[in-house]
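# Examining the three-dimensional arrangement
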Amino acid sequence: MKEILDAILSSDSTSADFANVKLPESYRAVTLHKDEEQMFAGLASRDKDPRRSLHLDDVPLPELGPGEALVAVMASAVNYNTVWSSIFEPVSTFGFLERYGRLSPLTKRHDLPYHVLGSDLAGVVLRTGAGVNAWKPGDEVVAHCLSVELESSDGHNDTMMDPEQRIWGFETNFGGLAQLALVKTNQLMPKPAHLTWEEAASPGLVNSTAYRQLVSRNGAGMKQGDNVLIWGASGGLGSYATQYALAGGATPICVVSSPEKAEVCRAMGAEAIIDRSAEGYRFWKDEQNQDPREWKRFGGRIRELTGGEDVDIVFEHPGRETFGASVYVTRKGGTIVTCASTSGYMHQYDNRYLWMSLKKIVGSHFANYREAWEANRLVAKGRIHPTLSKVYSLEQTGQASLDVHQNRHQGKVGVLCLAPEEGLGVRDAELRAEHLPSINLFRELDERSVQTSRDL
Ligand SMILES: NC(=O)c1ccc[n+]([C@@H]2O[C@H](COP(=O)([O-])OP(=O)(O)OC[C@H]3O[C@@H](n4cnc5c(N)ncnc54)[C@H](OP(=O)(O)O)[C@@H]3O)[C@@H](O)[C@H]2O)c1
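Reading the values: the criteria
Residues numbered from 1 in each chain as written. Predicted model: local features only at pLDDT ≥ 70, side-chain atom pairs only at ≥ 80, totals over all residues. Heavy atoms only, no water. Near = heavy atom within 4 Å. Polar contact = N/O pair within 3.5 Å; in protein donor to acceptor, adjacent residues only side chain to side chain. Areas by Shrake-Rupley, 256 points an atom, 1.4 Å probe, with all protein chains shown as cover. Helix = DSSP H or I, 4+ residues; strand = E, 2+ residues; numbered from the N terminus. Nonpolar A, V, L, I, M, F, W, Y, C, P; charged D, E, K, R; others polar. Buried < 20%, exposed > 50% of the residue type's maximum accessible area, 1.4 Å probe, protein only. Right-handed = clockwise from strand over helix to strand, strands pointing away. Pairing = 2+ DSSP bridges. Axes fitted to C-alpha atoms, helices over the stretch in contact; angles between N-to-C directions. Phe/Tyr/Trp six-rings, centres within 6.5 Å; stacked < 30°, edge-to-face > 60°. Lys NZ or Arg CZ within 6 Å of the ring centre and 35° of its normal. Parallel < 35°, antiparallel > 145°, perpendicular 65-115°, else oblique. Left-handed = near helix turned anticlockwise from the far one by under 90°. Contact = heavy atoms within 4.5 Å.

Take the site of the ligand next. The full set close to the ligand counts 26 residues, and Ser257, Arg276, Thr342, Phe366 and His409 are the nearest of them. Lys261 is positioned such that a nitrogen or oxygen atom in its side chain is 3.4 Å from an oxygen atom of the ligand. Here Glu321 contributes a side-chain N or O atom positioned 3.4 Å from a nitrogen atom of the ligand. Against a free-state accessible area of 910 Å², the protein chains account for coverage of 91% of the ligand. The set of elements that each furnish at least two residues to the shell around the ligand consists of α4 (80-86), α7 (204-215), α8 (236-247) and α11 (320-329). Counting residues per element, the shell around the ligand draws most heavily on α7, which supplies 3 residues. The class makeup of the residues in the shell around the ligand is 11 nonpolar, 12 polar and 3 charged.

Below you can see the structure in the form of structure tokens.
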């Protein structure tokens, strides 16, 4: 592994150097173990601790297939899917691997008693498989997490519609939380040159998802002047949705749960902010019944912030806890666009507010090849910025996942894989200097809030 790292850190390595670098037989990776699938049985979700289920193991190097690349991973990131995987909810990811393994002899490689997680990476291509022309050893890349086969016509207009669509590092093996990773080369995109490895690795999954969900015509198709209600506006998805709303001439109405998170939204440029904890919204009276008076109070607060207007779009992902309120507060003809159900997937809402007011509920999931590429292009141009707040080592991935599970983070949390330290990998210092305050925003606010809590 040292030879690989030396080649990456040296400024004069050529593609031939990378093509000739000796590959190790095994590499270090964050894994789940199949024989531990039941380890949290009977525990409430909040008591399931990713530090117990995530392991750092030496695993054998997988065989490289046609159309694939082996990438040296400098940095990766924790996504909420790392949390779902690590607590085996809503299902164990080993079921995904078994199903994928039944497709072909090549996909059988993925069905193993361990699962290497991780759906983001920034790194360097080491080898490419047969039939790959667009990428070569030595290319500095990021990878999006859409894995498709495209053998069926269903996915030919929109690659997310492929019947064999999977999320790499969640529904497939050999993910990015490791020193090496295996991807299909159609997942590869150029690494934004002005970012460090850990910054470049952090937007991928959430940035692409927010792009499709909010901006793309496959999602809400946001336009100038729209009012956009964004749940969890300083979180992984929300921190990108807020940037897209601001960059696209819309008005974000940011919902968060603490003054520190409100400060992050303000620093991004949002003005309309609701602290749901301080204002104490209780959309559910008990397990079975919601409280429409609370929906109304919430809608009234939105109108106060918008000068009397309702929202054109709700950017939904908390699910059960908020969905009834989201449907209620959307304006006539507006769109509730949802990509998740963090608080529970059996939603309840009053359908009269949907049909009588001609509202639409749109389901959205990750992003197709083109949308992921567009989202990365905006990062590379310095129009959308990483929202990295903290960086952990590969050994600390369990702790990083626990922090996300307990909602103690802001934006995204990064993980150093092969990178020996933070701050490496910048190739365009000029573009970086132009955007430095925005690139550092989440880290600086996070450090400031840690310092404040120490001082108290
Ligand atoms: N379908 C897809 O392609 C896709 C892609 C990415 C993520 N997801 C899913 O989307 C969800 C969010 O992901 P993320 O990366 O944004 O996670 P995140 O970084 O944890 O941010 C989510 C934010 O939502 C807010 N939130 C959580 N529970 C809530 C509740 N009960 N009511 C209101 N707000 C709540 C929290 O913000 P406050 O506490 O500040 O309000 C939290 O910071 C996860 O379930 C994830 O698996 C799906």
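What follows covers the pairing of strand β12 (residues 251-256). By the criterion of burial, β12 is predominantly enclosed, with 5 of the 6 residues buried. Taken together, strand β11 (residues 227-230), α8 and β12 constitute a β-α-β crossover, and its handedness is right-handed. Bridge count for β12 against strand β13 (residues 272-275) is 4 bridges, and the pairing is parallel. Bridge pairing in β13 links Ile253 to Ala272.

A few words on the sheet that holds β13. Within a beta sheet, neighbouring strands are joined by backbone hydrogen bonds and run either parallel or antiparallel to one another. Spatial strand order, β13-β12-β11-β14-β15-β16: 6 strands in an open sheet with parallel pairing. In the strand order of this sheet, the two ends are held by β13 and β16 (360-363), each with one partner. On average, adjacent strands in this sheet sit at an angle of 20° to one another, irrespective of strand direction.

Counted by the stated rule, this structure contains 13 aromatic pairs. Considering the side-chain rings of Trp231 and Phe283, the 6.3 Å spacing of their centres and the 85° angle between planes classify their relative orientation as edge-to-face. Of this pair, Trp231 sits in the loop between β11 and α8 while Phe283 sits in the loop between β13 and α10 (292-306), placing them 52 residues apart in sequence. Of the residues examined, Trp231 reaches a relative accessible area of 2% and is grouped as buried. Between Trp231 and Phe298, the aromatic rings sit 5.2 Å apart at their centres with planes inclined by 20°, giving stacked as the arrangement. Of this pair, Trp231 sits in the loop between β11 and α8 while Phe298 sits in helix α10; the two residues are 67 residues apart in sequence, bridging distant segments of the chain. Here the aromatic cluster, defined as three or more aromatic residues joined through ring pairs, consists of Trp231, Tyr281, Phe283 and Phe298. The ring centre of Trp197 lies 5.1 Å from the NZ or CZ of Lys191, which sits over that ring.

Time to look at the pairing of strand β15 (residues 330-338). Across 5 bridges, strand β14 (residues 311-316) lies against β15 in parallel orientation. In the strand pairing of β15, Ile313 is matched with Thr335. For the segment spanning β14, α11 and β15, crossover handedness is right-handed. With 4 bridges connecting them, β15 and β16 associate as parallel partners. Pairing of Thr338 across the sheet is with Gly363, part of β16.

This brings us to the packing of α7 against α8. At their nearest, the axes of α7 and α8 sit 8 Å apart, and the two run at 50° to each other. One way to sum up the angle between α7 and α8 is to call them oblique. Seen along the crossing, α7 lies across α8 with a hand that is right-handed. Between α7, through Val206, Asn207, Thr209, Ala210, Tyr211, Leu214 and Val215, and α8, the contact on the second element is made entirely by Gly236, Leu237, Tyr240, Ala241, Tyr244 and Ala245. Residues that form the contact of α7 with α8 fall into these classes: 10 nonpolar, 3 polar and no charged.

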